[in-house]
Amino acid sequence: QKEVEQDPGPLSVPEGAIVSLNCTYSNSAFQYFMWYRQYSRKGPELLMYTYSSGNKEDGRFTAQVDKSSKYISLFIRDSQPSDSATYLCAMRGTNAGKSTFGDGTTLTVKP
Amino acid sequence: DSGVTQTPKHLITATGQRVTLRCSPRSGDLSVYWYQQSLDQGLQFLIQYYNGEERAKGNILERFSAQQFPDLHSELNLSSLELGDSALYFCASSVAQGGEQFFGPGTRLTVL
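Residues numbered from 1 in each chain as written. Chains lettered and ligands numbered in written order. Predicted model: local features only at pLDDT ≥ 70, side-chain atom pairs only at ≥ 80, totals over all residues. Heavy atoms only, no water.

## A closer look at the interface of chain A and chain B
The criterion, for reference: What makes two residues a contact is simply this: any of their non-hydrogen atoms within 4.5 Å. Simply put, the buried area is the total loss of 1.4 Å probe accessible area from both parts when two parts are fitted together. By definition, a salt bridge exists where a carboxyl oxygen of Asp or Glu is found within 4 Å of a side-chain nitrogen of Lys or Arg. Any pair of N or O atoms that falls within 3.5 Å is considered a polar contact. Within protein, one atom must be able to donate a hydrogen and the other to accept it, and sequence-neighbouring residues count only if both atoms are side-chain atoms. Here a strand is any run of E in DSSP of at least two residues, a helix any run of H or I of at least four, and the numbering for each starts at the N terminus. Lys, Arg, Asp and Glu make up the charged group, whereas Ala, Val, Leu, Ile, Met, Phe, Trp, Tyr, Cys and Pro make up the nonpolar group; the residues left over, Gly among them, are polar.
On the chain B side, the residues contacting the 17 residues of chain A number 21 residues. Summed over both partners, the interface of chain A with chain B buries about 1500 Å², with 55% contributed by carbon and sulfur atoms. Summed over the three residues of chain A that lose the most area to chain B, namely Arg41, Gly97 and Phe101 of chain A, the buried surface amounts to 36% of that side. At the junction of chain A and chain B, the tally comes to 0 salt bridges. Here chain A is connected to chain B by 3 residue pairs in polar contact (both at pLDDT 80 or more). Secondary structure elements with two or more residues in the side of chain A that touches chain B: β4 (30–38), β5 (45–51) and β9 (85–93) of chain A. Its residues assigned to classes, the side of chain A that touches chain B comprises 7 nonpolar, 5 polar and 5 charged.

Next comes the structure, spelled out in structure tokens:
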């Protein structure tokens, strides 16, 4: 079983929809949680970086971490066609440089 | 643009050959990470260097090696290449041992 599980999708939504992307994990040592966006196998772009449990908002993006359930989410409001990409969750422990990534969810936002 | 640069962008070579991938971290970043992304697998962590020293190792094959130089750029050496080594290789950097990692554009390696 993988340490980080992510539904690969694909996920297709109409423009303007709210998108919910999720990951579950098994390693309770994970303390830092990240979301990356990757276009067509280009370099992943860091979207959100959070520590421990709670919510973090940045523009149309909201990241949620529930450590008790070992579950993290990324919400995208008012989704745009330019949001079409693969979204990767990642996480690491406190003193660890290594991040463990989910396999990514492919999102398509249709105009 | 993350500020991390990688060269070359594309590399096509034959089985059994050796190649070197180069990464320059963002200005001020001391940590460099290497990842492999294959079609059938997600991002796999290979190795991390911090200020010239190896700090963490993932599932890196013995045929692969890396180093970080005094100017903080890093090189990933892949030898005795096999077809299965064809993949995207990404470099990322961060200021400290952990912290936010910023990825470069990647090197696409094709082994024929």
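Let us keep going from here.
## Examining the state of the cysteines
The condition is simple: Counting rule for disulfides: a pair of cysteine sulfur atoms within 2.5 Å.
Taken as a whole and judged by the stated rule, the model has 2 disulfides over all chains. Between the sulfur of Cys23 of chain A and that of Cys89 of chain A lies a disulfide, 2.0 Å long from S to S. Its S-S torsion of about -100° marks the bond between Cys23 of chain A and Cys89 of chain A as left-handed, since a negative value means left-handed. On the criterion of sequence distance, the pair formed by Cys23 of chain A in strand β3 (residues 19–25) and Cys89 of chain A in strand β9 is long-range, its members being 66 residues apart. Each disulfide pairs two cysteine sulfurs, and for Cys23 of chain B the partner residue is Cys91 of chain B, the sulfurs being separated by 1.8 Å. With the S-S dihedral at roughly -50°, the linkage between Cys23 of chain B and Cys91 of chain B falls on the left-handed side. Here Cys23 of chain B, found in strand β3 (residues 19–24), pairs with Cys91 of chain B, found in strand β9 (residues 87–94); they are 68 residues apart in sequence, far enough to count as distant.

## A short note on the sheet that holds strand β6 (residues 54–58) of chain A
Residue and element names in this part refer to chain A. Put simply, the rule reads: A pair of strands counts as paired when DSSP detects no fewer than two bridges linking them. Axis definition: a line fit to C-alpha positions, over the contact stretch in the case of helices; interaxial angles, taken between N-to-C directions, run 0 to 180 degrees.
Read across the sheet, 5 strands follow the order β1-β3-β8-β7-β6 without closing on themselves; strand pairing throughout is antiparallel. The open sheet is flanked by β1 (4–6) and β6, the only strands paired with a single partner. Adjacent strand axes in the sheet meet at a mean angle of 15° when their direction is disregarded. Where β3 lies against strand β8 (residues 71–76), 6 bridges are found, and the strand directions are antiparallel. Within β8, the position partnered with Leu21 by the bridge is Leu74.

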